[in-house]
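Coordinate analysis (summary)
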Amino acid sequence: MTKEIISKAQERMAQSHQSLAREFGHIRAGRANASLLDRISVEYYGADTPLNQLAGITVPEARVLLITPFDKSILKDIERAINASDLGLTPQSDGTVIRLVIPALTEETRKNLAKDVKKVGENSKVAIRNIRRDAMDEAKKAEKAKEITEDDLKSLEKEIQKVTDDAIKKIDQMTAEKEKELLEV
């Protein structure tokens, strides 16, 4: 029973780390990164389809994304979807491919993005603490139901806290790395 509670909490915390990594992938750091386009959908034959399923996305230079549609007839639709997105980038088309030039970030923009990174990191910490609370509640219920002893409950609570501390440390590390990446010129 105790191993079950711990492993379930660890699994949920690992999912939080993956979610944080995805969030950080969407925050542009002045470098071209194909994951910037993950949230963009293009209307293709009446259905919203993710851009990465309709085109090849490559990074030929540090600040350029090259989008090569598999079907050339949807070039204009892809341009429209990028313009309508919250990326703030203007697509440049030559009739066969689309180039997205990612501008260098200003100092002010870097600082604002660093604040956003901290905010996203804090939200992840809150999620981790909620997972800890759920695990503690589950452990207390098990003790009330006489499935575990009071001593088992105390050691389980210590183990849950250790797992939580490790997860929060990892979030701090991920946040610091992303901030460092953003503030590098």
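Residues numbered from 1 in each chain as written. Predicted model: local features only at pLDDT ≥ 70, side-chain atom pairs only at ≥ 80, totals over all residues. Heavy atoms only, no water.

Here's the deal with the pairing of strand 1 (residues 41–44)
Residues in a regular strand point their side chains to alternate faces of the sheet. Note the threshold: Two strands qualify as a pair provided DSSP detects at least 2 bridges between them. Only runs of H or I of at least four residues qualify as helices and only runs of E of at least two qualify as strands under DSSP, and these elements are numbered from the N terminus.
Strand direction decides the pairing type here: strand 1 and strand 2 (residues 47–50), joined by four bridges, are antiparallel. Note that in strand 2 the partner of valine 42 across the bridge is threonine 49. In this structure, the hairpin formed by strand 1 and strand 2 is closed by a connection of two residues, where tyrosine 45 is found at a positive phi of approximately 50°.

Here we look at the domain arrangement of the chain
Rules: For every domain, the bounds stem from an assignment made automatically or drawn from a database. For any pair of parts, buried area is found by adding up, for both, the accessible area (1.4 Å probe) each one loses once the two are put together. Salt-bridge detection follows one rule: a side-chain nitrogen of Lys or Arg within 4 Å of a carboxyl oxygen of Asp or Glu. Polar contacts, as counted here, are pairs of nitrogen or oxygen atoms within 3.5 Å of one another; within protein the pair requires one atom able to donate a hydrogen and one able to accept it, and residues that are adjacent in sequence qualify only if both atoms are side-chain atoms.
Once the domains are mapped, the chain shows domain 1 (1–28 + 106–184) and domain 2 (34–101). Between domain 1 and domain 2, a total of about 480 Å² is buried, with carbon and sulfur atoms accounting for 50% of that surface. Taken together, the links from domain 1 to domain 2 amount to zero salt bridges. On the surface where domain 1 and domain 2 come into contact, there are zero residue pairs in polar contact (both at pLDDT 80 or more).

A short note on the nonpolar core
Burial of nonpolar side chains together is a common tendency in soluble globular proteins. Convention followed: As used here, the term nonpolar core means buried Ala, Val, Leu, Ile, Met, Phe, Trp, Tyr and Cys residues forming a set that is joined through side-chain atoms within 4.5 Å. Each residue is placed in one exposure class: buried if its accessible area under a 1.4 Å probe, protein chains only, is under 20% of its type's maximum, exposed if it is over 50%, and partly exposed if it falls in between. Residue contacts follow a heavy-atom distance rule, with two residues in contact if any of their heavy atoms lie within 4.5 Å.
Phe24, Leu156 and Ile160 are the most contacted members of the largest nonpolar core, which has 27 residues in total. Listing elements by their share of this core, those giving two or more residues are helix 1 (2–26), helix 4 (107–144) and helix 5 (150–183). The residues contacting phenylalanine 24, other than those within four sequence positions of it, are Val117, Val120, Met174, Thr175 and Lys178. In this structure, Ala32, Leu87, Leu89 and Leu100 belong to the second largest nonpolar core, which totals 20 residues.

Description of the environment of proline 103
By the secondary structure assignment, proline 103 is in the loop between strand 6 (98–101) and helix 4. Through-space distance from the C-alpha of proline 103 to that of leucine 89 is 8.4 Å; in sequence the pair is 14 residues apart.

A word on the packing of aromatic side chains
Definition in use: Working definition: rings of Phe, Tyr and Trp (its six-membered ring) pair if their centres are within 6.5 Å, and the pair is stacked with planes under 30 degrees apart, edge-to-face with planes over 60 apart, and tilted otherwise.
Following the criterion strictly, the structure yields one aromatic pair and no others. Ring plane angle 70° and centroid distance 4.7 Å describe the contact between tyrosine 44 and tyrosine 45, whose orientation is recorded as edge-to-face.

Focus: the packing of helix 1 against helix 5
Definition in use: Here an angle of 0 to 180 degrees is reported between the N-to-C directions of two axes, which are lines fitted to C-alpha atoms, with helices fitted over the stretch in contact. Any angle between 65 and 115 degrees counts as roughly perpendicular, while under 35 counts as roughly parallel, over 145 as roughly antiparallel, and the rest as oblique. Following the grouping adopted for this structure description, the nonpolar residues are Ala, Val, Leu, Ile, Met, Phe, Trp, Tyr, Cys and Pro, the charged ones are Asp, Glu, Lys and Arg, and the polar ones are all others, Gly among them.
At a minimum axis distance of 10 Å, the contact between helix 1 and helix 5 shows a crossing angle of 10°. Classified by the angle their axes make, helix 1 and helix 5 are roughly parallel. Between helix 1 and helix 5, the contacting residues are Thr2, Ile5, Ile6, Gln10, Met13, His17, Leu20, Ala21 and Phe24 on the first element and Leu156, Glu159, Ile160, Val163, Thr164, Ala167, Lys170, Ile171, Met174, Thr175 and Lys178 on the second. Class assignment for the residues of the contact of helix 1 with helix 5 results in twelve nonpolar, five polar and three charged.

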